[in-house]
Amino acid sequence: MKNPAFSPRRRALVLGAPWLVAGLPFSVARAQETAGGQVVAYVSANAQSAEAVTDVARKKLPNVKLSMVAGGTGQLLKRVEAEAANPRADIFWTAFASSLERYKAHLAEYRSRELAAIPEKYVEKSGLWAASNIHVAVAMLNSRQFQGQAPTSWRDLTESRFKGKIIVSNPEDSSTAFTILWWIDKNFGAEVLAKIAANCVVTPSGSNVVRSVGQGEYAVGITYESIAYPYVAGGQREIRLMYAEDGTFEIPDDIALIKNGPNPAAAKRAYDLIMSRDVQVALLENAFRRPSRSDIKVSEIIDMPDLSSIKLLPFDEGVATADRDAFLARWKALPKAGAGK
């Protein structure tokens with residue numbers, strides 16, 4: 001239960017700044033807190049994620065109508081650019097920083113009060129975007145398909161027993177596959193990547209990776225934690241996730257305000273809500289999206305390890321983006337086990 005003695009205004013008075021709340025003049029902050037109307041969000045997250053947000057919004061922001069327009073990240077960012085003279089949306093949710101970077105001229109700076117709980121490494125320096133959740137690279141395993149011991153590292157996936165038993169989406173079309181394969185190449189070298197590629201079946205569909213492993217067609221799928229975890233949560237005992245002993249990486253998934261959106265005051269309230277503890281817990285429980293907030297202990301909510309227990313190695317999204325074309329050329333030239341449907 002919240003203590004009324006520590007309301008935002010009371011806290012500001014105690015700190016000796018009677019007219020400031022979260023860095024805004026009190027009158028502006030109060031107007032922002034009561035702003036209502038329609039807020040349009042362009043959303044590349046899945047339907048479960050969108051529903052988790054709107055469920056909380058109906059309770060916490062009853063005077064704000066939050067409309068979600070779904071689509072692919074690239075498609076929706078191009079739409080933001082095309083509508084720049086007359087924006088139709090207020091919020092973009094979600095995209096990697098490398099994608100937002102190319103469209104940052106169409107984004108608005110905003111330092112949400114919720115950023116106090118977000119590690120600074122997850123916040124763009126000017127406030128153009130911030131992480132609403134974190135992805136972790138994993139291998140999805142189907143234990144019924146193994147001959148011998150289950151793999152525990154990326155290097156294990158180079159073994160000949162996995163030839164034709166690993167499925168990955170095409171990195172030319174999938175940011176998930178691109179970031180993971182590029183990172184493997186960067187950290188373990190070209191020889192390890194080549195041996196993994198030789199064991200891989202490449203599919204054009206990212207969703208087909210987890211579906212095929214879940215159905216037992218493949219032993220291993222290279223993907224992100226939140227994409228594969230529904231099969232664990234669904235009770236398939238043969239499915240588990242490999243957090244590689246030789247290390248893996250995290251990558252933030254970001255939210256941004258669209259510059260000159262039609263309802264900026266209410267949009268900030270919706271942005272704050274998406275970054276709030278209530279929503280990040282709801283996203284974890286319902287869509288298995290790992291929170292970016294430092295005040296949520298994941299392992300106490302679902303059967304997912306805390307970041308502190310995972311061996312994380314660096315991932316530089318800017319370097320990966322700059323190397324994208326060269327890497328894809330290298331990947332395309334590597335022999336594969338086959339092409340998936």
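Thresholds applied
- Residues numbered from 1 in each chain as written.
- Predicted model: local features only at pLDDT ≥ 70, side-chain atom pairs only at ≥ 80, totals over all residues.
- Heavy atoms only, no water.
- Helix = DSSP H or I, 4+ residues; strand = E, 2+ residues; numbered from the N terminus.
- Buried < 20%, exposed > 50% of the residue type's maximum accessible area, 1.4 Å probe, protein only.
- Contact = heavy atoms within 4.5 Å.
- Areas by Shrake-Rupley, 256 points an atom, 1.4 Å probe, with all protein chains shown as cover.
- Phe/Tyr/Trp six-rings, centres within 6.5 Å; stacked < 30°, edge-to-face > 60°.
- Lys NZ or Arg CZ within 6 Å of the ring centre and 35° of its normal.
- Core = buried A, V, L, I, M, F, W, Y, C linked by side-chain atoms within 4.5 Å.
- Salt bridge = Lys/Arg side-chain N within 4 Å of Asp/Glu carboxyl O.
- Pairing = 2+ DSSP bridges.
- Axes fitted to C-alpha atoms, helices over the stretch in contact; angles between N-to-C directions.
- Parallel < 35°, antiparallel > 145°, perpendicular 65-115°, else oblique.
- Left-handed = near helix turned anticlockwise from the far one by under 90°.
- 1 Å grid on protein atoms, 1.4 Å probe; cavity = no way out; pocket = protein on both sides within 12 Å on 5 of 7 lines; lining within 4 Å.
- Points joined across faces, edges and corners; volume = space filled by probe spheres on them.
- Nonpolar A, V, L, I, M, F, W, Y, C, P; charged D, E, K, R; others polar.

(A) Quick peek at the overall build of the protein. Helix and strand content of the protein: 13 helices and 14 strands. Every one of the 341 residues in the protein was classed for burial, and the buried ones make up 52%. Pairs at least 24 apart in sequence give 77% of the contacts found in the protein among residues at least 6 apart. If you sum the accessible surface of the protein, you get close to 15,900 Å²; carbon and sulfur atoms cover 51% of it.

(B) Spatial organisation of the packing of aromatic side chains. Counting across every chain of the model gives 10 aromatic pairs. For the pair Tyr 229 and Phe 288, a centre-to-centre distance of 5.0 Å together with 55° between the ring planes defines the contact as tilted. Within this pair, whereas Tyr 229 is found in helix 9 (residues 225-233), its partner Phe 288 is found in the loop between helix 11 (277-287) and strand 13 (290-291), the two being separated by 59 residues in sequence. Assigned by exposure class, Tyr 229 and Phe 288 land together as buried. Above the ring of Phe 178, the side-chain terminus of Arg 324 is found at 5.6 Å from the ring centroid. Just above the ring of Trp 331 sits the side chain of Lys 336; from NZ or CZ to the centre is 4.6 Å.

(C) Quick look at unusual backbone geometry. Residue Thr 94 is bonded to the preceding Trp 93 through a cis peptide linkage, with omega at 10°. Its identity is not glycine, yet Asn 260 carries a phi of approximately 60°, on the positive side. Mapped onto the secondary structure, Asn 260 falls in the loop between strand 12 (250-258) and helix 10 (264-275). What makes Asn 260 exposed here is its relative accessible area of 60%.

(D) Up close: the nonpolar core. Residues Trp 154, Ile 184 and Val 220 are the most contacted members of the largest nonpolar core, which totals 37 residues. Contributions of two or more residues to this core are made by strand 7 (130-142), strand 8 (166-169), helix 6 (175-188), helix 7 (190-199), strand 9 (200-203), strand 10 (220-224) and helix 13 (324-333). Here this core takes eight residues from helix 6, the largest share from any one element. Ala 45, Tyr 110, Ala 130 and Val 279 belong to the second largest nonpolar core, which has 34 residues in total.

(E) Quick look at the pattern of salt bridges. Using the criterion set out here, one finds 17 salt bridges in the structure. In this structure, Glu 83 and Arg 79 form a salt bridge, with 3.1 Å as the shortest nitrogen-oxygen distance. By relative accessible area, which is 15% here, Glu 83 ends up buried. The class of Arg 79 is partly exposed, set by a relative accessible area of 38%. The shortest N-O distance in the salt bridge between Asp 246 and Arg 155 comes to 3.4 Å. With a gap of 91 residues between them, Asp 246 in the loop between strand 11 (239-242) and strand 12 and Arg 155 in the loop between strand 7 and strand 8 connect regions that are remote in the sequence. Judged by relative accessible area, which is 43%, Arg 155 ranks as partly exposed. Within the structure, one salt-bridge network assembled from shared partners comprises Glu 114, Arg 293 and Asp 295.

(F) Looking closely at the pairing of strand 5 (residues 91-95). Counting buried positions along strand 5 yields five of five residues, so the element is predominantly enclosed. Alignment of strand 3 (residues 37-43) against strand 5, held across three bridges, turns out to be parallel. Bridge pairing in strand 5 links Tyr 42 to Phe 92. As judged from the four bridges shared by strand 5 and strand 12, these two strands associate in the antiparallel manner. Bridge assignment links Ile 91 to a residue of strand 12, and that residue is Leu 257.

(G) Summary view of the packing of helix 3 (residues 47-60) against helix 10. At a closest axis distance of 10 Å, the pairing of helix 3 and helix 10 adopts a crossing angle of 120°. Relative to helix 10, the element helix 3 lies oblique. Taken as a pair, helix 3 and helix 10 cross one another with a handedness that is right-handed. Contact residues: helix 3 offers Val 53, Val 56, Ala 57 and Lys 60, while helix 10 offers Arg 269, Leu 273 and Ile 274.

(H) Up close: the layout of surface pockets. A volume near 1,200 Å³ is recorded for the largest pocket. Taken together, 48 residues line the largest pocket, and the ones lying closest to its centre are Thr 73, Phe 96, Ser 174, Ser 175 and Thr 176. Looking at side-chain class alone, the lining of the largest pocket contains 17 nonpolar, 23 polar and eight charged residues.

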